[in-house]
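Commentary on secondary and tertiary structure
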Amino acid sequence: MPRAGQIPKGRSISASRDYVTIDLLDDGTGSVAQIMPRKNIFIRPPVANIDEFIIVAAAKNPAPDLTFIDKMTVIASHKGVGVTLCINKTDLVDNVHEIASIYRKAGFEVVEVSAQNRVGIEELRSRLKGKVIAFTGFSGVGKSSILNLLSDKFQLETGEVSKKLSRGRHTTRHVELLEYEQASYLVDTPGFSMLDLPDIAPEELETLFPEFEPFLGQCRFRGCSHTAERDCAIIHAVECGEIAPSRYENYKTFYQTLKTAKQW
Ligand SMILES: Nc1nc2c(ncn2[C@@H]2O[C@H](COP(=O)(O)OP(=O)(O)OP(=O)(O)O)[C@@H](O)[C@H]2O)c(=O)[nH]1
Ligand SMILES: [Mg+2]
Ligand SMILES: [Zn+2]
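Below is a summary of the structure that appears in this document. Within each chain, residues carry numbers counting from 1 in the order of the written sequence. The order in which chains are written sets their letters, starting at A; the order in which ligands are written sets their numbers, starting at 1. Local features in this predicted model are restricted to residues of pLDDT 70 or higher, and side-chain atom pairs are both shown and tallied only at a pLDDT of 80 or more, whereas totals for entire chains, interfaces and linings draw on every residue. Side-chain metrics in this entry use all non-hydrogen atoms of the structure; hydrogen atoms and water are not considered.

On to the packing of aromatic side chains, then. The rule is short: rings of Phe, Tyr and Trp, with Trp giving its six-membered ring, pair when the centres are within 6.5 Å, and they are stacked under 30 degrees, edge-to-face over 60, tilted in between. Inspection of the entire model under this criterion finds 10 aromatic pairs. Their ring planes at 50° and their centres at 6.4 Å tell us that Tyr103 and Phe108 sit as a pair that is tilted. Note on classification: 1.4 Å probe, protein chains only; a residue is buried when its accessible area is under 20% of the maximum for its type, exposed when over 50%, partly exposed between these limits. Judged by relative accessible area, Tyr103 falls into the buried class, the value being 1%. In our convention, an over-ring charge means Lys NZ or Arg CZ found within 6 Å of a ring centre and within 35 degrees of that ring's normal. The ring of Phe42 has Lys79 sitting right over it, with the charged end atom 4.6 Å from the ring centre.

As structure tokens, then:
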């Protein structure tokens, strides 16, 4: 975070969670004058005022978890925050076509990366202009390794994926806001695997899967939940291969979770 002495008087700056204005005194010290309203706030990862998430998954070690990715895309869409999927560690597998095509077809940008072989870093770099972007994903997928390649200024700690805990051992322990270039900030966050859905109405869930959009309103029954109804346009699109089965299965699971939560 910039020190008070580096900030012009009265100017808003970005901290890892909040925008604040700072009153500067003549001796160069200062104090927070005002915390600006938050554009958005997330519990996991614990960040605010984000323009976009880069969800980092590893092709292998740890294995990609599509339910985790889908939950994260729902959480981001719910707050109107864009998502890019970054599939790292592509050096460990023959190809990542299957997982990449699921998410491209669903309308997400997908970047295939190997931090180890410095592949895909320039493609990732071209998407970072003028935004606050948080990198998120399981522990050990390579978030900090990728960030270190994006700028010589970054020297984030990286760690071995524990052999015992295939999901890693949580090397990054705090959210770190990194100044990438003017008006572009990147945020490194601690990995995690447990993720709760936000408090959303079950009926809203269909709008948080972008690939459902062309089919909404075409089901036989008004208020169709797309879980078991006859003549459901979403189920039909899954059967025709226009919606990925894994995304649809997660939709159904999330729908039931939200429905059950609402009953309490
Ligand atoms: N084979 C391979 N290993 C990688 C790649 N990227 C990162 N790693 C390794 O994966 C391990 C974890 O990398 P980190 O960058 O610490 O992962 P992280 O996502 O920041 O993990 P947390 O901070 O715990 O959330 C390290 O041993 C890295 O060297 C890659 O592209 N290929
Ligand atoms: Mg890390
Ligand atoms: Zn339907």
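Still more ground to cover, so stick around.
Moving on: the sheet that holds strand 8 (residues 176-181). Note on pairing: DSSP must find at least two bridges between two strands before they are called paired. Secondary structure elements follow DSSP: runs of H or I no shorter than four residues count as helices, runs of E no shorter than two count as strands, and numbering proceeds from the N terminus. Within the open sheet, the 6 strands sit side by side as 6-5-4-7-9-8. Their pairing is mixed. With one partner strand each, in any of the chains shown, strand 6 (109-112) and strand 8 form the two edges of the open sheet. Within this sheet the neighbouring strands show an average axis-to-axis angle of 25°, counted without direction. Taken together, the 4 bridges between strand 4 (residues 52-58) and strand 7 (residues 132-136) define a ladder with parallel strand orientation. Fitting a line to C-alpha atoms yields each axis, with helices limited to the stretch in contact; the angle taken between N-to-C directions then spans 0 to 180 degrees.

Attention now moves to the environment of Gly142. In this fold, Gly142 is placed in the loop between strand 7 and helix 4 (143-150). C-alpha of Gly142 to C-alpha of Ile87: the two residues are 55 residues apart in sequence and 9.7 Å apart in space.

Two strands pair when backbone bridges link them, and strand 5 (residues 82-88) and strand 6 are joined in this way by 4 bridges, in the parallel orientation. The residue of strand 6 that forms the bridge with Thr84 is Glu109. Since strand 5 and strand 6 lie parallel, the crossover through helix 2 (residues 97-105) that links them has a hand, and here it is right-handed. When the strands point away from the viewer and the connection leading from the first strand across the helix to the second strand turns clockwise, the crossover is called right-handed.

Next up on the list: the coordination of the magnesium ion (ligand 2). Reference geometry at the metal: tetrahedral coordination by four donors gives ideal angles of 109.5 degrees; octahedral coordination by six donors gives 90 or 180 degrees. Counted as coordinating are nitrogen, oxygen and sulfur atoms within 2.8 Å of the metal, or 3.2 Å for Na, K and Ca, while water is not included, which may make sites look incomplete. The coordination sphere of the magnesium ion (ligand 2) contains the protein donors Ser144 (OG) and Thr172 (OG1), at a distance range of 2.0 to 2.1 Å. Here Ser144 is found in helix 4, whereas its partner Thr172 is found in the loop between helix 4 and strand 8, with 28 residues between them in sequence. With relative accessibility at 8%, the residue Ser144 sits in the buried group.

Note that soluble globular proteins tend to have their nonpolar side chains buried in a common cluster. We define a nonpolar core as any set of buried Ala, Val, Leu, Ile, Met, Phe, Trp, Tyr and Cys residues linked to one another through side-chain atoms lying within 4.5 Å. Phe53, Phe135, Ile146, Leu150 and Leu186 are the most contacted members of the largest nonpolar core, which totals 55 residues. With 6 residues, strand 4 is the single largest residue contributor to this core. By definition, residues are in contact when any of their heavy atoms lie within 4.5 Å. Once you skip the residues sitting within four places of it in the chain, Phe53 turns out to touch Phe42, Pro45, Val47, Met72, Ala76, Val81, Gly82, Val83, Thr84, Ala134 and Thr136. Formed by 22 residues, the second largest nonpolar core is a distinct cluster that contains Leu208, Cys224, Val238 and Tyr255.

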